[in-house]
Amino acid sequence: MKIAVANWKMYKTIKEAEDYLAAFLPLLEKNRNTEVYLAVPATAIQNVSRKAFSSGVYTGGQNISTEERGAFTGELSAEMVREAGASFVLAGHSERRALFGETNEMVNKKIQRALENGLQPILCVGETLQEREAGQTEEVLAVQLIECLSGFEPSTVAKMIIAYEPRWAIGTGRIATPQQIRHVHTLLRRELAEGWGAACAKQIPILYGGSVTAANAKDFAAIEEVGGVLVGGASLDPTAFATIIKAFG
Ligand code: PGA
């Protein structure tokens, strides 16, 4: 099975989310070979999960707190997001890292909270353009992976979904080349194998994210190493996202 994740970011009210589903769900094929995940604003999780469930579509959050509960104004716990109807959550998206100061250590705690509450974590990793140009891609990605997954048993890490999203490709219209993607996927699997064993490294889906569109999705689907895609901008349009899903079968 391949995986297609929509990341709506801070777009769509409950009403807009419902209109989206009314257009989107009928476009999905019943016998598809791709699991569909919608990471929606927290306010829409309950409505979206209720409506999307019967179509086999997973609803999730885009972020959770590092803490279980407490005096953390404005934060949402994994338990709350889970109770609202989420079955997964993004962890360490580059916008959280770049705009809200999220560190690998915080991402590690968020993954812990997600797992404790039965939420599937989707760990996002990716280098900046500056890091790539300085030849630091491999090191940066290895550190992100190791620190974000530090302390977890192989049996736990085996359940992860990882998304490689080069930061310079997110929302920019620039995409990584098949060669760059293959190189990073191989690197991530090597690090996973070293840290948590070969069996674990083999079974984790590694997605690509960054400027995926209805027009270029087929190119990513053709790369054997790519387990699916994480889509931002293009996922806001139901027809475009359905086309992306179809590209993966
Ligand atoms: P994009 O975003 O598809 O708009 O580049 C990807 C993401 O934010 O994960």
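Everything in this summary refers to the structure shown in the same document. Since the structure is predicted, the reported quantities are computational estimates derived from the model, not experimental observations.

## Some words on the overall build of the chain
Working step 1: From N to C terminus, the chain includes twelve helices and eight strands.
Working step 2: Residues classed as buried in the chain amount to 50% of the 249 residues present.
Working step 3: Restricting the contact set of the chain to residue pairs at least 6 apart, pairs at least 24 apart contribute 73%.
Working step 4: As presented, the chain carries roughly 11,600 Å² of accessible surface, and 52% of it is formed by carbon and sulfur atoms.
Working step 5: Each charge sign in the chain was given a centre, from 25 positive and 28 negative side chains, and these centres are 6 Å apart.

## A short note on unusual backbone geometry
Working step 1: At Lys12, a residue that is not glycine, the phi angle is positive and equals roughly 85 degrees.
Working step 2: Tracing the backbone through its elements, the reader meets Lys12 in the loop between strand E1 (2-7) and helix H1 (14-24).
Working step 3: Residue Ser211 is not a glycine yet carries a positive backbone phi of 60 degrees.

## Details of the nonpolar core
Working step 1: Ranked by size, the top nonpolar core spans 67 residues in total, and within it Phe24, Leu38, Leu123, Leu149, Leu192 and Phe241 carry the most contacts.
Working step 2: If you tally residues by element for this core, the top one is helix H9 (residues 178-196), at six residues.
Working step 3: Each residue touching Leu192, except ones within four places of it in the same chain, is listed here: Leu145, Leu149, Val157, Ile162, Gly197, Ala201, Ile204 and Ile206.
Working step 4: Judged by nonpolar contacts, the second largest core, of twelve residues, contains Ile3, Val5, Ala39 and Leu207.

## Notes on the environment of Glu224
Working step 1: Mapped onto the elements of the fold, Glu224 is located in the loop between helix H11 (217-221) and strand E8 (228-231).
Working step 2: Using a relative accessible area of 74% as the deciding quantity, one classes Glu224 as exposed.
Working step 3: Linking Glu224 and Pro178, residues 46 residues apart in sequence, is a C-alpha distance of 9.9 Å.

## Some details on the packing of helix H5 (residues 104-116) against helix H7 (residues 137-148)
Working step 1: H7 packs onto H5 with a crossing angle of 40 degrees between their chain directions and a minimal axis gap of 8 Å. With respect to their mutual orientation, H5 and H7 come out oblique. The handedness of the crossing between H5 and H7 is right-handed. Contacts between H5 and H7 involve Asn104, Val107, Asn108 and Ile111 on the former and, on the latter, Val143, Gln144, Glu147 and Cys148.

## Considering the packing of H7 against H9
Working step 1: Where H7 meets H9, the axes come as close as 10 Å, and the angle between the chain directions of the two elements is 40 degrees. In terms of their interaxial angle, H7 and H9 are classed as oblique. Between H7 and H9 lies a crossing of right-handed hand. Across the interface between the two elements, Thr137, Glu138, Leu141, Ala142, Leu145 and Ile146 of H7 pack against His183, Val184, Leu187, Leu188, Arg190, Glu191, Leu192 and Trp196 of H9.
Working step 2: Among the residues making up the contact of H7 with H9, the classes are represented as nine nonpolar, two polar and three charged.

## Details of the side chain of His93
Working step 1: Within the element layout of this structure, His93 appears in the loop between strand E4 (88-91) and helix H4 (94-100).
Working step 2: What makes His93 buried here is its relative accessible area of 4%.
Working step 3: Residues contacting His93, with those up to four places away along its chain left out, are Asn7, Lys9, Cys124, Glu165 and Ile170.

## Remarks on the packing of aromatic side chains
Working step 1: According to the stated counting rule, one finds seven aromatic pairs in the structure shown.
Working step 2: When the centroid spacing of 5.6 Å and the interplanar angle of 25 degrees are considered together, the rings of Phe24 and Phe241 count as stacked. With a gap of 217 residues between them, Phe24 in helix H1 and Phe241 in helix H12 (residues 238-247) connect regions that are remote in the sequence.
Working step 3: Residue Phe241 is classed as buried on the basis of its relative accessible area, which comes to 0%.
Working step 4: Taking the centre distance of 4.8 Å and the plane angle of 40 degrees together, the rings of Tyr37 and Tyr58 count as tilted. Within this pair, whereas Tyr37 is found in strand E2 (residues 34-39), its partner Tyr58 is found in strand E3 (residues 57-61), the two being separated by 21 residues in sequence.
Working step 5: Classification of Tyr58 by relative accessible area gives partly exposed; the value is 35%.
Working step 6: Through a chain of ring-to-ring contacts, the aromatic side chains of Trp8, Tyr20, Phe24 and Phe241 assemble into a single cluster.
Working step 7: Across the ring face of Trp8, the terminal group of Lys12 is positioned such that the distance to the ring centre comes to 5.6 Å.
Working step 8: Taking NZ or CZ as reference, Arg96 lies 4.2 Å from the ring centre of Phe100, over its face.

The rules behind each value
Residues numbered from 1 in each chain as written. Predicted model: local features only at pLDDT ≥ 70, side-chain atom pairs only at ≥ 80, totals over all residues. Heavy atoms only, no water. Helix = DSSP H or I, 4+ residues; strand = E, 2+ residues; numbered from the N terminus. Buried < 20%, exposed > 50% of the residue type's maximum accessible area, 1.4 Å probe, protein only. Contact = heavy atoms within 4.5 Å. Areas by Shrake-Rupley, 256 points an atom, 1.4 Å probe, with all protein chains shown as cover. Lys, Arg positive; Asp, Glu negative; His and termini not counted. Charge placed at Lys NZ, Arg CZ, Asp CG, Glu CD. Core = buried A, V, L, I, M, F, W, Y, C linked by side-chain atoms within 4.5 Å. Axes fitted to C-alpha atoms, helices over the stretch in contact; angles between N-to-C directions. Parallel < 35°, antiparallel > 145°, perpendicular 65-115°, else oblique. Left-handed = near helix turned anticlockwise from the far one by under 90°. Nonpolar A, V, L, I, M, F, W, Y, C, P; charged D, E, K, R; others polar. Phe/Tyr/Trp six-rings, centres within 6.5 Å; stacked < 30°, edge-to-face > 60°. Lys NZ or Arg CZ within 6 Å of the ring centre and 35° of its normal.

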